[in-house]
Each structure stands twice: as structure tokens, then as C-alpha cells.
Amino acid sequence: MSAADLARRPTADPLLRLLAHGFETAYGHRPGTVWRAPYAFHLAAHAVPPGVAPRTDWVAAANWYVGVAVAPRADGMLRCGSLDHPADGAELPLTGPAARAPAWAARPYAALRALAAAGYGRGGADLQLNAALPDAVGLPVAEPLECAAALAVAHAHAERGGRPPTRARLADLLDAAVPGDGALRRAVLFARAGHLLAADDGALHQPLRAREGGPELCLLLLTARAGGAGDPAIGLTLAVREARRAGARAAWWPARRPGRSVLLLAPRDRRAAIRTAVAAAFARRDLPVPRLLRIATTDAAHREDRPPHPAEPAPR
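This structure is a prediction, so every number in the text was calculated from the model and none was measured. (Residues numbered from 1 in each chain as written. Predicted model: local features only at pLDDT ≥ 70, side-chain atom pairs only at ≥ 80, totals over all residues. Heavy atoms only, no water.)

(A) Spatial organisation of unusual backbone geometry. In this structure, Asp286 takes a positive phi of about 55° despite not being glycine. Inspection of the secondary structure puts Asp286 in the loop between α7 (271-284) and β11 (291-295). (Helix = DSSP H or I, 4+ residues; strand = E, 2+ residues; numbered from the N terminus.)

Below you can see the structure in the form of C-alpha cells.
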């Protein structure tokens, strides 16, 4: 599958088909490449399953993603748009004084300027973004967007000559130039399906599995709805309490700071009971029932319009 025909391929992922079509509509030509990058999350130390080597922090990539469609330019400008913000596009310089970017584009723009300063993708790009999950769900989106945009632009220019940065080099560039969570970036760049990744070492993976003979484990993302118990933190406290009573093993914030969502680790056979218990507790109080979203660990960012290949290993 090529980026040129992605919008017209009926078997392609519908969100990526929409992204490619939106790119053509916005810029009048087809993208040169389409990438997808997973949302990422932290695991609290007390939530790491038995059998996983003890460390201070682990991260993983979720089976939800952001998409980026790109075509290279030669004038040093970034034309950027988002399917989530259709009336808020911009044209921004990648070198020289920075321009003011729309709020949704500020972090990808900073990432691409850092990339250009290091000699990658200086010619600019036409770029279109799409995020599969709304911000209210609570999984951090900035790091997936930064990594997806940087990978797509660097590789699009590499096809015209030169070499893109390695993923380890890209992680270092972004960590140095763009405020954010470096551990989540490493999860976006180096994750493996069914595995946890050491937050400080993109080469160290551990399988996510239950203790031998124990129940299979699953992850659930629990998000407080607007208006739930007034303060979302109050609603989350109630939801977590009921989930733990129904069998959830652990609960923690997916990012380093508290937000509107928590992750739950639970036996797979208790998933329905947890949903029922949380819904019943909120219904008794006449409160909006929180969302519960299944989360599976997945692979790192990859180019969608070519056969997938293993992510580059990170140096220890």
C-alpha cells in the first residue's frame, strides 16, 4: 500500500483513510507518507505484574494512536492542519524566528524546529494530523504527536536524499529541545506489543503477563465524565473504590501528573463485574457514569503505507 492510494484503499484503517483524504482536500495533492504513533502510558510500581523485573518505572504503548500524513516541501515552511481542529491551520517557518502556532500545533511545531536545527527536514512539509481519542479521555497525546510528526517529516525528506535520524537520536533531540515526558517518547518510539518498556532504557523490555497459573490480566482506562460528582477527582475516587471492590488489582495515573483518567489492572474475568459495579454506584447517585476503555499494549510508531518492520533498538 502506498500513501498515494491509502485514501482509496477499502481495506485500510478508516481513520487513516480519512487522514489521507483530509490531506488531499487541504493541500490539493496526495501525501508522500503516512505514519501512526501509539498513545503511551506509565505503569505505577505497585501495578507491575508478578514476574517482571523490579524497577522504579515502566511504560508501554496503547492500542490507540495518532496519525500523521506528510509531503515534503523545499521552501523551509511548515503548512500544518488537524482533522480535530479543521478551522485552525497555520503556515510556520522551520528556521529563523519562530512564529506563533495554534495551541494544538505548538508541540509538533517545536519538535520539527528542533529536527530542522539538527539538519533533518529543513525543507519543510505539508502536514495533517489526526488523534483517535478526544483529549477528555486523558491519555497523554503530546508525545505521540511530536514523535509521529518528526518521524514522518524526517523520513519524507530522506527519500529525497540523506538519512533520517535513528530513533535513539530523535529521542535525544526531542528530550533536549521540547519540554515533555521523555519516558513516554521512548514508549512511542521503542514499544513492543505485549511488553513493558523500562522508562529510562529503550532497549529493555519485559513481557506483560500474569503469574504462572494465575488469571489473565487486562488494562482498563477509566475516565470521569464532565459533571461527574462536581470535581472529576471526586468522581474518579468513587469509581476506583468500586472497581477495587469488584476485583481490580491496582489503579494509577497514566501520566506523571494527576488527570481525569486512571488506569486499572484487573483479572480479565473481572472486567464485566468492574463495569457493572462502577455503573451501578454512579447510577445510585444520579451521576454520569465514567467511561471504561480497554487498553492493550502495542508496537511502536511505524510507517503505515509500507509493510511494518521492527522498531530500531535503542542503545543501552
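(B) Structural view of the pairing of strand β2 (residues 58-72). Across the 15 residues that make up β2, a large majority, 12, are buried. Here strand β1 (residues 33-43) pairs with β2 via 10 bridges, running antiparallel. Within the sheet, the bridge partner assigned to Leu43 lies in β2 and is Trp58. As judged from the 7 bridges shared by β2 and strand β5 (residues 124-131), these two strands associate in the antiparallel manner. (Buried < 20%, exposed > 50% of the residue type's maximum accessible area, 1.4 Å probe, protein only. Pairing = 2+ DSSP bridges.)

(C) Up close: α7. For α7, with 14 residues, the first-to-last C-alpha span of 20 Å sits near the 20 Å given by 1.5 Å per residue. Among all positions of α7, only Arg271, Ile274, Val278, Ala281 and Phe282 are buried. Along the long axis of α7, the arc covered by the buried residues comes to 105°, so they all point the same way. Turned more than 90 degrees away from the buried face of α7, the exposed residues are Ala272, Thr276, Ala283 and Arg284. Just downstream of α7 lies Asp286, where phi reads positive at about 55°. (Expected span 1.5 Å × (residues − 1). Arc of directions from axis to C-beta.)

(D) Region of the structure containing the nonpolar core. The biggest cluster of nonpolar side chains holds 72 residues, and the ones touching the most others in it are Phe41, Leu78, Leu127 and Trp252. When residues of this core are assigned to their parent elements, the largest contribution, 10 residues, is made by helix α3 (residues 142-158). Among residues more than four places away in sequence, those in contact with Phe41 are Trp58, Val59, Ala60, Ala61, Ala62, Leu139, Leu184, Leu219, Pro254, Leu263, Ile295 and Thr297. Formed by 19 residues, the second largest nonpolar core is a distinct cluster that contains Leu236, Ala243, Leu264 and Leu292. (Core = buried A, V, L, I, M, F, W, Y, C linked by side-chain atoms within 4.5 Å. Contact = heavy atoms within 4.5 Å.)

(E) Local environment of the packing of aromatic side chains. Here the structure, examined in full by the defined rule, presents 1 aromatic pair. A ring pair is formed by Phe23 and Tyr27, whose centres lie 4.8 Å apart and whose planes are at 65°; its orientation type is edge-to-face. One end of the pair is Phe23 and the other is Tyr27, both in helix α1 (residues 14-27) and 4 residues apart, which spans about a single turn. Given the relative accessible area of 0%, Phe23 is considered buried. Its guanidinium or amino end placed over the ring of Tyr65, Arg36 lies 3.6 Å from that ring's centre, counting from NZ or CZ. (Phe/Tyr/Trp six-rings, centres within 6.5 Å; stacked < 30°, edge-to-face > 60°. Lys NZ or Arg CZ within 6 Å of the ring centre and 35° of its normal.)

(F) Broad picture of the pattern of salt bridges. Across all of its chains, the model carries 14 salt bridges by this definition. In this structure, Glu304 and Arg36 form a salt bridge, with 3.4 Å as the shortest nitrogen-oxygen distance. Linking Glu304 in the segment after β12 (302-303) with Arg36 in strand β1, this pair joins segments that are 268 residues apart in sequence. Take Glu304: its relative accessible area is 17%, and that puts it in the buried class. The buried category is assigned to Arg36, whose relative accessible area is 19%. It is possible to trace a salt-bridge network through shared partners that takes in Arg107, Glu143, Glu146, Asp175, Arg185 and Arg186. (Salt bridge = Lys/Arg side-chain N within 4 Å of Asp/Glu carboxyl O.)

(G) Seen up close, the sheet that holds strand β9 (residues 250-252). One open sheet holds the 4 strands; their spatial order is β9-β10-β8-β11, and the pairing between them is antiparallel. Each edge of the sheet is formed by a strand with only one pairing partner; in this case those strands are β9 and β11. The mean angle between the axes of side-by-side strands here comes to 25°, regardless of whether they run parallel or antiparallel. Bridge analysis of β9 against strand β10 (residues 261-267) gives 3 bridges, and the strand direction is antiparallel. Residue Ala250 lies in a different strand from β10, and its bridge partner there is Leu265. Across the face of the sheet, α7 comes into contact with β8 (217-223), β10 and β11 while running at roughly 20° to β8. (Axes fitted to C-alpha atoms, helices over the stretch in contact; angles between N-to-C directions.)

(H) Spatial organisation of the packing of helix α2 (residues 106-117) against α3. Put simply, α2 and α3 touch, their axes get as near as 9 Å, and they point 40° apart. By the criterion of interaxial angle, the relationship of α2 to α3 is oblique. Considering the relative orientation of α2 and α3, their crossing is right-handed. In contact with Arg107, Pro108, Ala111, Leu112 and Leu115 of α2, α3 contributes Ala142, Glu143, Leu145, Glu146, Ala149, Ala150, Val153 and Ala154. (Parallel < 35°, antiparallel > 145°, perpendicular 65-115°, else oblique. Left-handed = near helix turned anticlockwise from the far one by under 90°.)

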